[in-house]
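Residue strings, one per chain:
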Amino acid sequence: MKLIKLSVLALALGLMSFAGNPVKTNETVTVSVNAGSPIQWKSETIDLGEIPQGKPAKIDFEFKNTGKTAVIITNVKASCGCTATDYTKTPIAPNGNAKITATFNAAAKGVFTKTVTVTTNAEEAPKVLVFKGTVI
């Protein structure tokens, strides 16, 4: 008799472990469709190849505003102190072009990969641009 009670108890506990939360059928699911970024970059990665040591290298990241409203660059940050940045400070009108300029101080020999992070009013996440090469 004790074995039957334990078996029934084990069965009941086992069945309860399979019981989950009821499925809610009246939930509204909103799907956001990303129409794409209004910024079209000419290139997000630039390979400089071999560059001479001691001579700063200038890199231009060009883009076009393909959206319907003006794009404002709110921040540009280089990944290290060896790179200076400059960018268009005025709003870029729809169908307008602009550029981010990075100037890399090629002081140390060897292979390098550097980034420039661009924040705008057009995208939620900052865009990370990359340039690389070898200082000879």
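Residues numbered from 1 in each chain as written. Predicted model: local features only at pLDDT ≥ 70, side-chain atom pairs only at ≥ 80, totals over all residues. Heavy atoms only, no water.

Digging into the overall build of the protein
Here's step 1: What the protein contains, in helices and strands, is 1 helix and 8 strands.
Here's step 2: Start at the N end of the protein and walk to the C end: the helices and strands fall as α-β-β-β-β-β-β-β-β.
Here's step 3: Taking all 136 residues of the protein together, the buried fraction comes to 26%.
Here's step 4: In the protein, the share of contacts with a sequence separation of at least 24, taken over all contacts with a separation of at least 6, comes to 62%.
Here's step 5: Of the roughly 9,600 Å² that the protein leaves accessible, carbon and sulfur atoms contribute 56%. (Helix = DSSP H or I, 4+ residues; strand = E, 2+ residues; numbered from the N terminus. Buried < 20%, exposed > 50% of the residue type's maximum accessible area, 1.4 Å probe, protein only. Contact = heavy atoms within 4.5 Å. Areas by Shrake-Rupley, 256 points an atom, 1.4 Å probe, with all protein chains shown as cover.)

Side note on the state of the cysteines
Here's step 1: Scanning all chains against the criterion turns up 1 disulfide.
Here's step 2: Through a disulfide, cysteine 80 is tied to cysteine 82; the S-S separation comes to 2.2 Å. In this structure, the disulfide formed by cysteine 80 and cysteine 82 twists by about -55° around the S-S bond and is classed as left-handed.
Here's step 3: Residue cysteine 80 is classed as partly exposed on the basis of its relative accessible area of 24%. (Disulfide = S-S within 2.5 Å.)

What to know about the nonpolar core
Here's step 1: In this structure, Trp41, Phe61, Ile100, Phe104, Val118 and Phe131 are the most contacted members of the largest nonpolar core, which totals 23 residues.
Here's step 2: When near neighbours in sequence (up to four residues on either side) are disregarded, isoleucine 100 contacts Trp41, Ile59, Asp60, Phe61, Ile73, Val76, Asp86, Tyr87, Val116 and Val118. (Core = buried A, V, L, I, M, F, W, Y, C linked by side-chain atoms within 4.5 Å.)

Digging into the sheet that holds strand E4 (residues 73-78)
Here's step 1: Taken together, 4 strands build an open sheet; the order of strands is E2-E8-E7-E4 and the sheet is mixed. Looking along the sheet, the strands with just one partner apiece sit at the ends: strand E2 (45-51) and E4. Across the sheet, the axes of successive neighbouring strands diverge by a mean angle of 15°, strand direction being ignored.
Here's step 2: Summarising the sheet, strand E7 (residues 110-120) and strand E8 (residues 127-135) pair through 9 bridges and their orientation is antiparallel. Its bridge partner lying in E8, glycine 110 is registered against valine 135. (Pairing = 2+ DSSP bridges. Axes fitted to C-alpha atoms, helices over the stretch in contact; angles between N-to-C directions.)

Points about the packing of aromatic side chains
Here's step 1: For the structure shown, the criterion picks out 4 aromatic pairs.
Here's step 2: Ring plane angle 55° and centroid distance 4.8 Å describe the contact between tryptophan 41 and phenylalanine 63, whose orientation is recorded as tilted. With tryptophan 41 in strand E1 (residues 39-41) and phenylalanine 63 in strand E3 (residues 57-65), the pair connects residues that are 22 residues apart, well separated along the chain. For the residue pair tryptophan 41 and phenylalanine 63, the accessibility class agrees, reading buried in each case.
Here's step 3: Among the aromatic residues, those joined into a ring-pair cluster are Phe104, Phe112 and Phe131. (Phe/Tyr/Trp six-rings, centres within 6.5 Å; stacked < 30°, edge-to-face > 60°.)

Some points on the pairing of strand E6 (residues 97-104)
Here's step 1: The pairing of E3 with E6 spans 8 bridges and is classified as antiparallel. What sits directly across from aspartate 60, in E6, is threonine 101.
Here's step 2: Sheet topology note: the strand E5 (residues 83-87)/E6 ladder contains 5 bridges and is antiparallel. Looking at the pairing, threonine 85 lines up with alanine 102 of E6.

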